[in-house]
2 protein chains.
Amino acid sequence: MRVLGVDPGLTRCGVGVVEATGPRRVALVAHGLVTSSADDGLDQRLVRVADQLDEWLDRHAPDVVAVEQVFAQANVRTVLGTAQVAGLAMLAAARRGIPVATHTPTEVKAAVTGSGRADKAQVARMVRKILGITEEVRPVDVTDALALAVCHAWRPGGALAGARRPGSSATPAQQAWAEAERAARRGR
Amino acid sequence: MRVLGVDPGLTRCGVGVVEATGPRRVALVAHGLVTSSADDGLDQRLVRVADQLDEWLDRHAPDVVAVEQVFAQANVRTVLGTAQVAGLAMLAAARRGIPVATHTPTEVKAAVTGSGRADKAQVARMVRKILGITEEVRPVDVTDALALAVCHAWRPGGALAGARRPGSSATPAQQAWAEAERAARRGR
């Protein structure tokens, strides 16, 4: 199963593709940054981002697109652009018939580090370790997108957007993920 | 000049098309509601809305699309979906090469009623009067979309997204609009 992770943003949108090759096994396929310039009008920026997302979907033909869930409580100055880019990513995937899943930041952190409270540097370090990336990967939007893809690839049972709980063979990270997910669902 | 006004929303998105036939003269072309069901997943809802917006653009071939500006301070529960639909409308227009303008609710109210503080019922009443609509038009998302289109059609000089001020021949409504716009720009 090939997963495209999208960390949405209007100025910088991280994208990362991983291939799930077995239980708890993932391989890096590609990673990069989708950008638009703040000098352009919002409509032109959305076109730029949508065109680049289309290229990623065309080139890597993912089986599923995992998008970070946007919360209205987030930074007021940027949340609208972030929500709009998340919407474009979901639209582009759904129009191709590709299933879309969303994950909360807490779920993602728990999945890759075992703790829902990990900071961005810890997440980046674990993502590089999990995927065997030796060089630095910047900015964090890119490692966040890869973390999303890993998080989704590691969902117990490979379910898409279901609420299936991990079995007794769940790893500590999977258990932390499941707890974080349940907490997020309760909070919605 | 044909203007498509879009009052964005995920469950109900108002759309209205007017033709500017001369200074302060507008004629109704069409109005309606774009909808999606809360029973569907967000990705499918965005596809539904985008498909319907495409139909409106194809059928009426507007020269410009006017979208209500979304503010992060608005209702937290609905603002993300509203922002996403505004994004889809801007993307669909821009991909067709159609210019996009945004107007604040205050500008729109001032343009059609002469007061930036008018309520939705007053806006609806004035829109029906301006466009010679005798029957009731519901819900207010539809009259809000028509008000947006009228507001844009009546912009002094027909400028798109510029900040040109009305000349000395401006009507009270145009002056109120210009003041509301300047206030909105100061607040950004």
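The structure contained in this document is the topic of the report that follows. What you are looking at is a predicted structure, and each value in this text was computed from that prediction instead of being measured. (Residues numbered from 1 in each chain as written. Chains lettered and ligands numbered in written order. Predicted model: local features only at pLDDT ≥ 70, side-chain atom pairs only at ≥ 80, totals over all residues. Heavy atoms only, no water.)

### Some points on the sheet that holds strand β4 (residues 64-68) of chain A
Residue and element names in this part refer to chain A.
- Here we have five strands laid out as an open sheet, ordered β3-β2-β1-β4-β5, and mixed in their pairing. Every interior strand has two partners, whereas the edge strands, β3 (25-35) and β5 (100-103), have only one. Each strand axis lies, on average, 20 degrees off the axis of its neighbour in the sheet, ignoring direction.
- Pairing of strand β1 (residues 2-7) with strand β2 (residues 12-22), which is carried by six bridges, proceeds in the antiparallel orientation. (Pairing = 2+ DSSP bridges. Helix = DSSP H or I, 4+ residues; strand = E, 2+ residues; numbered from the N terminus. Axes fitted to C-alpha atoms, helices over the stretch in contact; angles between N-to-C directions.)

### Describing the relation of the copies chain A and chain B
- Take chain A, turn it by 180 degrees, move it 0.0 Å along the axis, and it overlays chain B with an RMSD of 0.0 Å. Such a combination of rotation and displacement between the chain copies is what one expects of a two-fold axis. Rotation axis and chain A: the residue whose C-alpha lies nearest the axis is A:Q84, separated from it by 2.3 Å.
- When the interface residues of chain A are mapped onto chain B, 100% of them again fall at the interface, so both copies present the same face. (Least-squares fit on C-alpha atoms with pLDDT ≥ 70 in both. Contact = heavy atoms within 4.5 Å.)

### Regarding the interface of chain A and chain B
- In this assembly, 24 residues from chain A lie in contact with 24 residues from chain B.
- At the boundary of chain A with chain B, total buried surface from both sides reaches about 1900 Å², with 74% on carbon and sulfur atoms.
- The tally of links from chain A across to chain B stands at four salt bridges.
- Across the pair A:D54 and B:R95 runs a salt bridge, and its minimum N-O distance is 3.0 Å.
- Across the contact surface, chain A and chain B share six residue pairs in polar contact (both at pLDDT 80 or more).
- At twelve residues, the largest contribution of residues to the side of chain A that touches chain B is made by helix α2 (residues 76-95) of chain A. (Buried area = accessible area lost by both parts, 1.4 Å probe. Salt bridge = Lys/Arg side-chain N within 4 Å of Asp/Glu carboxyl O. Polar contact = N/O pair within 3.5 Å; in protein donor to acceptor, adjacent residues only side chain to side chain.)

### Considering the packing of helix α3 (residues 105-113) of chain B against helix α5 (residues 140-153) of chain B
All names here are of chain B.
- Put simply, α3 and α5 touch, their axes get as near as 9 Å, and they point 75 degrees apart. As summarised for this structure, α3 and α5 are arranged roughly perpendicular, according to the angle between their axes. The segment α3 lies against α5, with E107, V108, A111 and V112 engaging A147, L148, V150 and C151. (Parallel < 35°, antiparallel > 145°, perpendicular 65-115°, else oblique.)

### Remarks on the packing of aromatic side chains
All names here are of chain B.
- For the coordinates displayed, the defined rule picks out zero aromatic pairs over all chains.
- Directly above the ring of W154 sits R24, whose terminal nitrogen or CZ lies 3.8 Å from the centroid.
- It is R59 that lies over the ring of W56; its NZ or CZ is 5.8 Å from the centre. (Phe/Tyr/Trp six-rings, centres within 6.5 Å; stacked < 30°, edge-to-face > 60°. Lys NZ or Arg CZ within 6 Å of the ring centre and 35° of its normal.)

### Considerations on unusual backbone geometry
- Each neighbour pair has its own omega, and for A:R138 with A:P139 the value is -10 degrees, a cis peptide bond.
- Turning to its location among the elements, A:P139 is positioned in the loop between α4 (120-131) and α5 (140-153).
- Its identity as a non-glycine residue notwithstanding, A:R24 has a phi of 60 degrees, on the positive side.
- In this fold, A:R24 is placed in the loop between β2 and β3.
- The backbone of B:A61 sits at a positive phi, close to 40 degrees, despite the residue not being glycine.
- Take B:A61: it is sitting in the loop between α1 (42-60) and β4 (64-68).
- Residue classification places B:A61 among the exposed residues on the basis of a relative accessible area of 51%. (Buried < 20%, exposed > 50% of the residue type's maximum accessible area, 1.4 Å probe, protein only.)

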